[in-house]
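Descriptive structure summary
Residue-level listing of the chains:
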Amino acid sequence: MKIFVCIKQVPDTETKIKITPDLKGIDSAGIKWVINPYDEYAIEEALKLRESQPGSQVWVLTVGPKSRANDSLRTALAMGADEAIVINADGLDSFATAKALAEVIRTEGGAQVIFSGKLAIDDNAASVPQMMAEFLNIPHTTVVSKFHLAAENIVVERDTEGGSKEVVQMMAPAVVAANKGLNLPRYASLPGIMKAKKKTIKEIEYSTLNLPAADQKVSYTGMTLPAEKPAVKMITGDSVAQVSELVKMLRDEAKVL
Amino acid sequence: MGKILVFAEHTNGKLKRSSIELLHAGFNSGNEVAAVVFGTHGDDIVSALNQNGASEVHILKDGALDSYNPELYATNLISIIGKIQPAIILASASSVGKDLFPKIAARLNTGIASDCVSLNISGDNVTATKPMYSGKAIATVNFENSPIKIVLMRANQLPIESIDGAKSSKVVEHSLVASDLRTMIKEIVKGTSEKLDLTEANIIVSGGRGLKEASGFQMLNDLADVLGATVGASRAVVDSGWVGHGMQVGQTGKTVAPSLYIAVGISGAIQHLAGMSGSKVIVAINSDANAPIFQKATYGIVGDAFEIIPKLTEEFKKALHN
Ligand SMILES: Cc1cc2nc3c(=O)[nH]c(=O)nc-3n(C[C@H](O)[C@H](O)[C@H](O)COP(=O)(O)OP(=O)(O)OC[C@H]3O[C@@H](n4cnc5c(N)ncnc54)[C@H](O)[C@@H]3O)c2cc1C
């Protein structure tokens, strides 16, 4: 069985963000890039599935500038993935990304299960998994915290609102977008890292996919830093004075009660 | 000028506040607003939609849509979109909205702006802004190559003012288009909480490791009850198993934007701030005057949560009774 995992490289949360002079993006110099945290759950679940299904293979796939995106693929290989593919492109939106991923998954022979994270923490779009499923004409479930494959059926738990869950059954193949809680991602082992170094990453130029330029549907402009918050007002005194002052402030000054 | 389709969500027939926000934004833009409602509800939802600005109400009242199924929802909504032919679609960045609309955008070969916090509609054009990089930047989203522009808005971002929307409206009843389903909802396990979801809550009381143990959350629940608030948590306490992960706020939890966020015994790690720094007013209660949370807070109290919170609960009770 073939299992695909779609991952994205994102700036580490601790990284300082600098906006480019054209206000359309961020300066990638000096940024620490990591695998999107939700994608780590996706990789782990794919590896677990492979372990339970002898003869299976895990392929990781990413869209990004290969010069850096390859690092995230190496990490996934070091965790245990079998094969890795990068679609070399920069600045694609969710729609164009999903189309490219679907195209490559199709030409690589398809998959029984395709995992991804439920969203990427850079633009929080939460769109690529559903779009990719639509382009492949297969079902999807997002925000998944439990996964089980039984013959042709994929049974997952989807986290919804207010702590509720849905148990969803899909006919394979399907796209499964991981939430936190699905598993605990493993660390790459030293032998894994050594092995990953020797593997070749397949590189596909986005332009060779011949996808329409009109796949680009949204663009970002006018990027700004968020407005500075005014300095905190510390409320002092004994606890009785503090709580009464706080309630007064919330009611009369902030007007949120 | 094209129509604006608002996908109106409801809980047991009561319109969600987030949907009312969208209806008002549509109405205030001067465009005609067509609301679409799925599932079982009472007839009064039509007048609620009218009063909030919809001049056209499209109803698909069918029990099959009481729970969310991506395939069934997509097929039926796309069929209704075909009839309405809107220029713009507004929906909430809710559990359903976030799952459904990217699929719809893909099928309609059009663009989507998700997780937005402001909206600028002018005729058939719309731009929206959204936080990026964990709230470290704000960007304007522009559409291109998009016959229909789909915008998903976070809750509690748009004003609800009284509007003069109570004109009569056209009501169109649609019937279910069955589709060949490869997705089946086997079971719905209801959460224990009757409260609003964190992503929609107007007030959130959140607890961290400073509460010492799981039982420390009892006093937060009491405080939340008085305020009508939803309780959230830091990852540290979720990972310790004190509370369920549906309650986690932050980078790998929920992104929230209430009017009031009260952080109790939470240090303010960047991954936590990533999920709540969009809150209008932030109150931090922490025993350590140097805790980073104070740098993001509107009001700060240095003190022991176990001493402050019960007193604060009593004080709110008094204030809210007057
Ligand atoms: C990839 C990644 C993703 C992450 N995602 C998230 C996320 O989504 N959400 C999240 O929250 N974290 C996230 N984290 C974890 C984050 O880095 C912090 O570890 C976590 O937020 C700390 O939780 P805390 O504030 O409850 O605990 P601590 O940092 O231990 O802080 C406890 C605070 O309680 C105070 N305190 C102690 N006793 C009292 C008392 N009696 N009264 C009042 N105050 C008291 C202390 O002064 C301290 O400030 C993530 C980390 C990583 C690496």
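Residues numbered from 1 in each chain as written. Chains lettered and ligands numbered in written order. Predicted model: local features only at pLDDT ≥ 70, side-chain atom pairs only at ≥ 80, totals over all residues. Heavy atoms only, no water.

**Examining the overall build of chain B**
Each helix and strand in chain B was counted, giving 9 helices and 18 strands. For chain B, whose C-alpha radius of gyration is 21 Å, the value lies close to the compact-globule estimate of 20 Å for 322 residues. The principal-axis extents of the C-alpha atoms in chain B amount to approximately 60 × 45 × 40 Å. In chain B, which comprises 322 residues, the proportion classed as buried is 60%. Counted over contacts in chain B with a minimum sequence separation of 6, partners at least 24 positions apart contribute 66%. For chain B, the accessible area works out to roughly 12300 Å², and carbon and sulfur atoms hold 48% of it. (Helix = DSSP H or I, 4+ residues; strand = E, 2+ residues; numbered from the N terminus. Rg over C-alpha atoms; globule rule 2.2 N^0.38 Å. Buried < 20%, exposed > 50% of the residue type's maximum accessible area, 1.4 Å probe, protein only. Contact = heavy atoms within 4.5 Å. Areas by Shrake-Rupley, 256 points an atom, 1.4 Å probe, with all protein chains shown as cover.)

**A word on the overall build of chain A**
Each helix and strand counted, chain A has 6 helices and 13 strands in total. Its C-alpha atoms put chain A at 70 × 45 × 40 Å along the principal axes. Of all 257 residues assigned to chain A, the portion counted as buried reaches 57%. Residue pairs in contact within chain A that sit at least 24 positions apart in sequence constitute 71% of those at least 6 positions apart. The positive charge centre, built from 30 side chains, and the negative charge centre, built from 32, are 2 Å apart in chain A. (Lys, Arg positive; Asp, Glu negative; His and termini not counted. Charge placed at Lys NZ, Arg CZ, Asp CG, Glu CD.)

**Observations regarding the pairing of strand β6 (residues 113-117) of chain A**
All names here are of chain A. When you tally the buried positions in β6, you get 5 out of 5 residues, the bulk of the element. Alternating residues of β6 divide into V113, F115 and G117 and I114 and S116, and every residue in both groups is buried. Looking at chain direction, strand β1 (residues 2-7) and β6 are connected through 4 bridges and run parallel. Note that in β6 the partner of V5 across the bridge is F115. (Pairing = 2+ DSSP bridges.)

**A word on the interface of chain A and chain B**
On the side of chain B, 89 residues touch chain A, which itself brings 80 residues to the contact. Interface of chain A and chain B: buried area, both sides summed, is about 7100 Å²; carbon and sulfur atoms make up 56% of it. Together, E161(A), K180(A) and K217(A) form the three largest contributors to the area buried by chain A at its contact with chain B, with a combined 10%. The interface formed by chain A and chain B includes 5 salt bridges. Two residues, E134(A) and R107(B), come together in a salt bridge whose shortest N-O distance is 2.7 Å. Counting across the interface, chain A meets chain B through 49 residue pairs in polar contact (both at pLDDT 80 or more). Residues belonging to the side of chain A that touches chain B are distributed by class as follows: 39 nonpolar, 24 polar and 17 charged. Of the strand pairs in this sheet, strand β12 (residues 218-224) of chain A and strand β10 (residues 137-143) of chain B are connected by 5 bridges, and their pairing is antiparallel. If you follow T221(A) over to β10(B), its bridge partner there is T140(B). (Buried area = accessible area lost by both parts, 1.4 Å probe. Salt bridge = Lys/Arg side-chain N within 4 Å of Asp/Glu carboxyl O. Polar contact = N/O pair within 3.5 Å; in protein donor to acceptor, adjacent residues only side chain to side chain. Nonpolar A, V, L, I, M, F, W, Y, C, P; charged D, E, K, R; others polar.)

**A look at the sheet that holds strand β1 (residues 4-7) of chain B**
Residue and element names in this part refer to chain B. Strand order in the open sheet formed by 7 strands is β7-β11-β6-β1-β4-β5-β12, with parallel pairing between adjacent strands. Looking at which strands have only one partner, the edges of the open sheet turn out to be β7 (112-116) and β12 (170-173). Averaged over all pairs of adjacent strands, the angle between strand axes in this sheet comes to 20°, irrespective of strand direction. Relative to strand β11 (residues 149-153), strand β6 (residues 88-92) is paired through 5 bridges, and the arrangement is parallel. Bridged to A91 within β11 is L152. Helix α3 (residues 70-84) contacts β1, β4 (33-38), β5 (56-60) and β6 of the sheet and is inclined by roughly 155° relative to β4. (Axes fitted to C-alpha atoms, helices over the stretch in contact; angles between N-to-C directions.)

**Describing the domain arrangement of chain A**
Looking at chain A, the domain boundaries give domain 1 (2-216) and domain 2 (227-257). Summarising the inter-unit geometry, the C-alpha centres of domain 1 of chain A and domain 2 of chain A are found 44 Å apart. (Domains from an automatic or database assignment.)

**Looking at a nonpolar patch on the surface**
Residues and elements named next belong to chain A. Among the surface-exposed residues, L190, I193 and M194 lie close enough to one another that they form a single nonpolar patch of about 290 Å² accessible area. In this structure, M194 sits in helix α5 (residues 190-198). Given the relative accessible area of 44%, M194 is considered partly exposed. (Patch = residues over 30% accessible without salt bridge, like charges linked within 9 Å, V, L, I, M, F, W, Y side chains within 5 Å.)

**Concerning the site of the ligand**
Residue and element names in this part refer to chain B. As a matter of local geometry, the ligand sits amid 26 residues, with S234, Q248, T252, S267 and N286 nearest to it. Side-chain polar atom of S267 to an oxygen atom of the ligand: 2.7 Å apart, as the coordinates give it. Relative to its unbound accessible area of 980 Å², the ligand is 76% covered by the protein chains. Where the shell around the ligand is concerned, the elements lending two or more residues are α6 (235-239), α7 (270-276) and α9 (305-321). For the shell around the ligand, a count of residues per class yields 6 nonpolar, 15 polar and 5 charged. (Near = heavy atom within 4 Å.)

**Concerning the confidence of the model for chain B**
The share of residues in chain B with pLDDT of 70 or more is 99%, and the mean pLDDT across the chain is 95. Across the interfaces of the predicted complex, the ipTM metric reaches 0.96, alongside a pTM of 0.95. (pLDDT = per-residue confidence, 0-100.)

**Remarks on the pairing of β6(B)**
Remember that side chains alternate between the two faces of the sheet whenever the strand is regular. All names here are of chain B. Counted residue by residue, β6 has 5 buried out of 5 residues, so it is predominantly covered. Every second residue of β6 is oriented toward a common face, with I88, L90 and S92 on one face and I89 and A91 on the other, all of them buried. The pairing of β1 with β6 spans 3 bridges and is classified as parallel. Bridge pairing in β6 places L5 opposite I89.

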